[in-house]
Amino acid sequence: MDHDSLILAIELCALFVFGGLGLWRMYQKQQMSEHASDAPSYDMRRDGERLSSQRGD
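Please read these numbers as outputs of a predicted model, since none were measured by experiment.

*Asks:* Give me the lowdown on the overall build of the protein, citing residues and values where you can.
*Replies:* The helix and strand inventory of the protein stands at two helices and zero strands. The 57 residues of the protein split such that 0% are buried. For the protein, the computed accessible surface area is about 5,700 Å², with 62% contributed by carbon and sulfur atoms.

Written out as structure tokens, the structure reads:
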């Protein structure tokens, strides 16, 4: 295997590795955004109901 073929093989391997990492990161980001949208992190109605019921006691 000559020098040029070796360089080409290394560049192709690096391309596949970085391409795979990029796809994996996009998949992870999509999963995180779907997981975050499942349950809201803050619900004002629940907090307001709790505060109003405590004041009435």
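*Asks:* I'd like a rundown of a nonpolar patch on the surface, residues and numbers included.
*Replies:* Residues Leu8, Leu12, Leu15 and Phe16 make up a contiguous nonpolar surface patch of about 440 Å² in total accessible area. Position of Leu15 among the secondary structure elements: in helix α1 (residues 3-38). Owing to a relative accessible area of 55%, Leu15 belongs among the exposed residues under this scheme.

Rules behind the numbers
Residues numbered from 1 in each chain as written. Predicted model: local features only at pLDDT ≥ 70, side-chain atom pairs only at ≥ 80, totals over all residues. Heavy atoms only, no water. Helix = DSSP H or I, 4+ residues; strand = E, 2+ residues; numbered from the N terminus. Buried < 20%, exposed > 50% of the residue type's maximum accessible area, 1.4 Å probe, protein only. Areas by Shrake-Rupley, 256 points an atom, 1.4 Å probe, with all protein chains shown as cover. Patch = residues over 30% accessible without salt bridge, like charges linked within 9 Å, V, L, I, M, F, W, Y side chains within 5 Å. Salt bridge = Lys/Arg side-chain N within 4 Å of Asp/Glu carboxyl O.

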